[in-house]
Amino acid sequence: VPEYRANNSTLAFYIPPRGEPLTNGKMYVNTWKAENLIENSAKTFAYHEGIPGHHLQKAIQAELTGLPTFRRFLPFTAYTEGWAMYAEQLGHEMTDTHDAWDKIGLLQSDLFRTARMMTDIGIHHKKWLREQAVDFMVDNGGLSKNEAEDEVDRYIVWPGQGCAYKIGQIKFLELRELAQTELKEAFDIKEFHDVLIGQGSMPLEVLEARIRAYIKQKKEKI
């Protein structure tokens, strides 16, 4: 992360491919805050921002030249962040994580996003004061006061984004459970993921309809 913006940037973030011809997607790591990127959280950040998270999903979307331009680049937040949260768990599953330390990192990430969801709700529904929200993030999100202030300021000006992470994550996990239950031995996780991210970002209601149609079609072939 460039020095001029490091102080107010998150620990890691992703910039997707853009334009014609497409630029390269880029994952940024904020070395100004590197002391907070401990080993067990580093893997989870990499899965979320890189592969199989944002970089995989958004790069595929950008390359779908058969779609209208807005569909190739428009991010539906609950979808894109939901996939990235799901990808944190998927990354650990893909690498067959057995190390309890790594699993703690995954749980810490989930706790952090849950605390951000509650902060989002607290600010915009419960009418929390800024200091109330900062204290909540310090007490429940595992953050320093400076980090909590950055997060709270983000959600003051970005209503609903904190909720979108968890709403999307829950929906992706729900749809995977549905497909596994309905298809049983015929469930193919690679094929399922192709259906999930193969047509770019979309509203969760549309995604669910797409998955249900896939399940119905697959069952007809069994």
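Up top is the structure.
Going along each chain's sequence as written, the residues are numbered from 1 onward. Under the rules for a predicted model, residues below a pLDDT of 70 receive no local features and side-chain atom pairs below 80 are neither given nor counted, while totals for whole chains, interfaces and linings still include all residues. Values shown for side chains rest on all heavy atoms present in the structure; no hydrogens or waters enter the calculation.

Novice: I'm lost on the side chain of Gln169 in this one. Help?
Specialist: Numbering of helices and strands starts at the N terminus; helices are DSSP runs of H or I of at least 4 residues and strands are runs of E of at least 2. Position of Gln169 among the secondary structure elements: in helix H9 (residues 161–183). Side-chain polar atoms of Gln169 contact the side chain of Lys166, separated by 2.7 Å. We call two residues in contact whenever any of their non-hydrogen atoms come within 4.5 Å of each other. What Gln169 contacts, discounting residues up to four positions off in sequence, is Gly82, Met85, Tyr86 and Asp110. Polar contact is defined as a pair of N or O atoms within 3.5 Å, subject to the rule that within protein one atom must be able to donate a hydrogen and the other to accept it, and that residues adjacent in sequence are counted only when both atoms are side-chain atoms.

Novice: Mind showing me how you'd approach the packing of aromatic side chains here?
Specialist: Any pair of aromatic rings gets described here by the distance separating the centres and the angle formed by the planes. Here the aromatic set is Phe, Tyr and Trp, taking the six-membered ring for Trp, and pairing holds for ring centres within 6.5 Å; pairs whose planes are under 30 degrees apart are stacked, those over 60 apart are edge-to-face, and all others are tilted. In this structure the tally under the stated criterion is 7 aromatic pairs. Judged by centre distance (5.5 Å) and plane angle (65°), the ring pair of Tyr79 and Phe172 falls under edge-to-face. With Tyr79 in helix H5 (residues 77–94) and Phe172 in helix H9, this residue pair connects regions lying 93 residues apart in the sequence. Plain terms: the ring middles of Trp128 and Phe136 are 5.2 Å apart, the flat faces sit at 50° to each other, and that makes the pair tilted. Between Arg116 and the ring centre of Tyr165, over which it is positioned, the NZ or CZ distance is 4.6 Å. Criterion for a charge above a ring: Lys NZ or Arg CZ within 6 Å of the ring centre, and within 35 degrees of the ring normal.

Novice: Where do I start with the nonpolar core in this structure?
Specialist: Across soluble globular proteins, you tend to see nonpolar side chains buried next to one another. The term nonpolar core refers to a set of buried residues drawn from Ala, Val, Leu, Ile, Met, Phe, Trp, Tyr and Cys, joined through side-chain atoms within 4.5 Å. Partly exposed residues are those whose accessible area sits between 20% and 50% of the maximum for their type, while under 20% is buried and over 50% is exposed, using a 1.4 Å probe and protein chains only. If you look at the biggest cluster of nonpolar residues, it comprises 20 residues, and the most contacted ones within it are Tyr79, Trp83, Phe172, Phe192, Leu196, Leu207 and Ile211. Of all the secondary-structure elements, those providing two or more residues to this core are H5, H9, helix H10 (189–197) and helix H11 (204–221). Setting aside anything within four residues of it in sequence, one finds Leu196 in contact with Tyr79, Trp83, Phe172, Leu207 and Ile211. Within the second largest apolar cluster, 12 residues are counted, among which are Ala133, Val134, Leu143 and Tyr165.

Novice: Is there a simple way to explain a nonpolar patch on the surface in this structure?
Specialist: Patch building starts from residues that exceed 30% relative accessible area and form no salt bridge, then joins like charges within 9 Å and nonpolar side chains (Val, Leu, Ile, Met, Phe, Trp, Tyr) within 5 Å. Per-residue and other accessible areas follow the Shrake-Rupley method at a 1.4 Å probe size, with only the shown protein chains counted as cover for residues. Salt bridges are identified by distance alone: a Lys or Arg side-chain nitrogen within 4 Å of an Asp or Glu carboxyl oxygen. On the surface, Ile156, Val157 and Trp158 cluster together into a nonpolar patch covering about 310 Å² of accessible area. Its location among the elements puts Ile156 in helix H8 (residues 145–156).

Novice: Could you clarify how one ought to interpret the environment of Ala164 in this entry?
Specialist: Relative to the helices and strands, Ala164 is located in helix H9. Sequence separation of Ala164 and Glu81 is 83 residues, and the distance between their C-alpha atoms is 6.9 Å.

Novice: What exactly am I supposed to notice about the environment of Ala87 here?
Specialist: Locating Ala87 in the fold gives a position in helix H5. As a C-alpha pair, Ala87 and Gly25 span 62 residues in sequence and 17 Å in three-dimensional space. The contact partners of Ala87, leaving out residues within four places of it in the chain, are Tyr47, Pro52 and Gly53.

Novice: Explain the pattern of salt bridges here, please?
Specialist: Oppositely charged side chains are able to pair whenever their charged atoms sit close together. Using the criterion set out here, one finds 13 salt bridges in the structure. The partner of Glu131 in a salt bridge is Lys145, with the nearest N and O atoms 3.8 Å apart. In this pair, Glu131 is assigned in helix H7 (residues 130–140) and Lys145 in helix H8, connecting sequence segments 14 residues apart. Classification of Glu131 as partly exposed rests on a relative accessible area of 38%. Between Glu174 and Lys171 there is a salt bridge; the shortest N-O distance is 2.8 Å.

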